[in-house]
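One-letter residues, chain by chain:
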Amino acid sequence: MNEIFADLHVHIGRSENGKPIKITAAKSLNFANIAKECYERKGIDVVGIIDCASPYVIEDIENFLQTGEAYELKDGGIIYKDKVCIILGSEVETSEKNEDGKTGSSHNCCYFPTLKDIKDFSKEMQKHIHNITLSTQRADISGYELIDIVKQYNGVLIPAHVFTPFKSYYGNCTQRLERIFKERYKDIFAIELGLSADTYIADEISELANKSFITNSDAHSLPKIAREYNKLLVENISFKEVFKAIKMEDGRKIIANFGLDPKLGKYNRTFCEDCNLVVNTEPPSFKCDKCGGTNITMGVYDRIEVIKDQDSKSPKNRPTYNYQIPLTFMPGVGTKATDKLLEAFGTEMTILNKVTKDDLESVVGIKLAEIIDNSRSGNIHIHAGGGGVYGKVETKN
């Protein structure tokens, strides 16, 4: 068995010929550059690229396979330079009705073993999506209907960033996933926590006790890849092995989740859109504590406080959740310092998980070595994020 690192939610900003895919993502995010970033700088063994149902991206994948640097695996996935496994995925926005009968929307990460499978899925989804060339477009179907389509093309569905206030199941569609998926709920074997959630608060919802939790970057730029990731125990890197690990089957498993402290997420606490301030009331309030207004965006922490049905209670097989600060979030660690570290130690996974403080000091000096080491050990202050603004890290003196 081998221990590997996996980030299963990375976007494509543009195709190789400059066609827009994910409008809000960096232009440098294309299929080939993501593979190279994971191989050369991040040290990620498995990456899920979730805009692969776009015909423009499918064309890029076909051209990528012709370079000779990558090939498809029998057990699913594309291997790049015999080291990085690329899982082909599609993020789909579904239409849902909440408990009050109002329309909400949610994002779903759908993963497929082969290029043929996702090509067939893309053709099918053109019946339900107005513009299939763009990422995460609204479909005219629900998650309950989508999961059957995904299974028809040999895929699996994992609800994406399930607690965020926009475009998620718990965030604006339902208080319980089982209400949405009904008898199909048994086929939902995992959920993606999202940047503003962790295991502790997710385990305050009892229906998630038998679901695996995964942590992914939702990267919209190359440096953001692996800001959250998973350590898996697998036989090899392939679609089949990765999802066996997430399902905890045949001795494969998720060893640990690595993610931001939820306070660093953009939607951790409730935010008053009129005052432009985070609302820190306890218990959670549906009004701003400054102006008394109701023009608020409820944060993940506060939303879970409202819908939870138990104290946090993790099942015995729940992996540990390790808070980790990516290099890009560490104060004072800029591009030059990062390049020095990567030149010395190879990848960000090595820097965050293996390198000693003394080794860091020899490359970037005492001050930055202390900042990195304190960030790795949790010896930091965090100002909570909200309203679409990330929290901020301050190292302790």
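Everything discussed here concerns the structure shown above.
Residues numbered from 1 in each chain as written. Predicted model: local features only at pLDDT ≥ 70, side-chain atom pairs only at ≥ 80, totals over all residues. Heavy atoms only, no water.

Engineer: Before we go on, may I ask you to explain helix H4 (residues 143-152) in this structure?
Structural biologist: Structurally, the α-helix is built with 3.6 residues per turn, so residues lying three or four positions apart point the same way. Buried within H4 we find Gly143, Leu146, Ile147, Ile149 and Val150. Along H4, the residues classed as buried sweep out an arc of 165° about the axis, all on the same side. (Buried < 20%, exposed > 50% of the residue type's maximum accessible area, 1.4 Å probe, protein only. Helix = DSSP H or I, 4+ residues; strand = E, 2+ residues; numbered from the N terminus. Arc of directions from axis to C-beta.)

Engineer: Any chance you could explain the layout of surface pockets here in plain terms?
Structural biologist: To find the voids left in a structure, one rolls a probe of water-molecule size over its atoms. If you add up the space inside the largest pocket, you get close to 610 Å³. Lining the largest pocket are 26 residues; nearest its centre among them are His161, Asp218, His220, Lys266 and Tyr267. Here the residues of the lining of the largest pocket are counted per class, giving four nonpolar, 13 polar and nine charged. Estimates place the volume of the second largest pocket at around 430 Å³. No other element matches helix H9 (residues 300-307), which puts three residues into the lining of the second largest pocket. Residues that form the lining of the second largest pocket fall into these classes: nine nonpolar, eight polar and three charged. (1 Å grid on protein atoms, 1.4 Å probe; cavity = no way out; pocket = protein on both sides within 12 Å on 5 of 7 lines; lining within 4 Å. Points joined across faces, edges and corners; volume = space filled by probe spheres on them. Nonpolar A, V, L, I, M, F, W, Y, C, P; charged D, E, K, R; others polar.)

Engineer: Just to check I follow, could you spell out the sheet that holds strand S14 (residues 296-297) for this structure?
Structural biologist: What links the strands of a sheet is backbone hydrogen bonding, and the strands pair in either a parallel or an antiparallel sense. In spatial order, the strands read S13-S12-S14; together these three strands make up an open sheet with antiparallel pairing. Strands at the two margins of the open sheet, each flanked by one partner only, are strand S13 (277-279) and S14. In terms of strand pairing, strand S12 (residues 270-272) meets S14 through two bridges, oriented antiparallel. Paired with Cys272 across the two strands is Ile296, which belongs to S14. (Pairing = 2+ DSSP bridges.)

Engineer: What am I meant to see in helix H2 (residues 55-66) here?
Structural biologist: Here H2 is 12 residues long and its end C-alpha atoms lie 17 Å apart, about the 16 Å a rise of 1.5 Å per residue gives. All buried positions along H2 are accounted for by Val57, Ile58, Asp60, Ile61 and Phe64. One face of H2 carries all of its buried residues, which in axial projection span an arc of 160°. Contact partners of the buried residues in H2: helix H1 (31-42), strand S3 (70-72), strand S4 (78-80), strand S5 (84-97) and helix H3 (115-125). Downstream of H2 by a residue or two, Gly68 has a phi angle that is positive, lying close to 90°. (Expected span 1.5 Å × (residues − 1). Contact = heavy atoms within 4.5 Å.)

Engineer: Help me understand the packing of aromatic side chains, please; the structure alone is not making it clear to me.
Structural biologist: Geometry of an aromatic ring pair is reported as the spacing of the ring centres plus the angle between the planes. Tallied over the entire structure, the rule returns 13 aromatic pairs. Where Phe5 meets Tyr229, the ring centres are 5.4 Å apart and the plane angle is 90°; that geometry is what we call edge-to-face. Here the residue Phe5 occupies a position in strand S1 (residues 2-10), and Tyr229 occupies one in strand S10 (residues 229-234), the gap between them amounting to 224 residues. Each of the two residues, Phe5 as well as Tyr229, counts as buried. A centroid spacing of 4.6 Å and a plane angle of 40° characterise the contact between Phe112 and Phe121, whose relative ring orientation is tilted. The pair Phe112 / Phe121 is uniform in exposure class, with both members buried. One aromatic cluster is present, formed by Phe31, Tyr39, Phe64 and Tyr80 through successive ring pairs. (Phe/Tyr/Trp six-rings, centres within 6.5 Å; stacked < 30°, edge-to-face > 60°.)

Engineer: Would you explain the side chain of Ser238 in this entry?
Structural biologist: Of note, Ser238 is situated in the loop between S10 and helix H8 (239-247). In this structure, Ser238 is in contact with Leu73, Asp75, Gly76, Cys85 and Ile87, ignoring residues within four places of it in sequence.

Engineer: So what exactly am I meant to see when it comes to the nonpolar core here?
Structural biologist: In a soluble, globular protein the nonpolar side chains are often hidden away together inside. With 72 residues, the main nonpolar core has Phe31, Ile34, Ile86, Phe121, Met125 and Phe163 as its most contacted residues. Looking at this core element by element, the count peaks at five residues for H1. Not counting residues up to four positions away in its chain, the partners in contact with Met125 are Val92, Ile132, Ala139, Ile141, Leu146 and Ile149. Residues Cys85, Cys109, Phe189 and Phe243 belong to the second largest nonpolar core, which totals 25 residues. (Core = buried A, V, L, I, M, F, W, Y, C linked by side-chain atoms within 4.5 Å.)

Engineer: When you look at empty space enclosed by the protein in this model, what are you seeing that I'm missing?
Structural biologist: This structure, assessed with the given rule, holds one cavity of 30 Å³ or more. Of the voids in this model, the largest cavity is the one considered here, and its volume is about 100 Å³. As for the largest cavity, its lining consists of 15 residues, of which Ser90, Glu91, Leu134, Ser135 and Thr136 are closest to the centre. Each residue belonging to the lining of the largest cavity can be placed in one class, and the counts come to seven nonpolar, six polar and two charged.

Engineer: Help me understand the pairing of strand S2 (residues 46-49) in this model?
Structural biologist: When a strand is regular, its side chains alternate between the sheet's two faces. Of the two faces of S2, the one lined by Val46 and Gly48 and the one lined by Val47 and Ile49 are each fully buried. Alignment of S1 against S2, held across three bridges, turns out to be parallel. Bridging across to S2, Ala6 finds its partner in Val46. Between S1 and its parallel partner S2, the chain crosses via H1, and the hand of that crossover is right-handed. Relative to S5, S2 runs parallel, the two sharing four bridges. Looking across to S5, one finds that Val47 is bridged to Ile86. (Right-handed = clockwise from strand over helix to strand, strands pointing away.)

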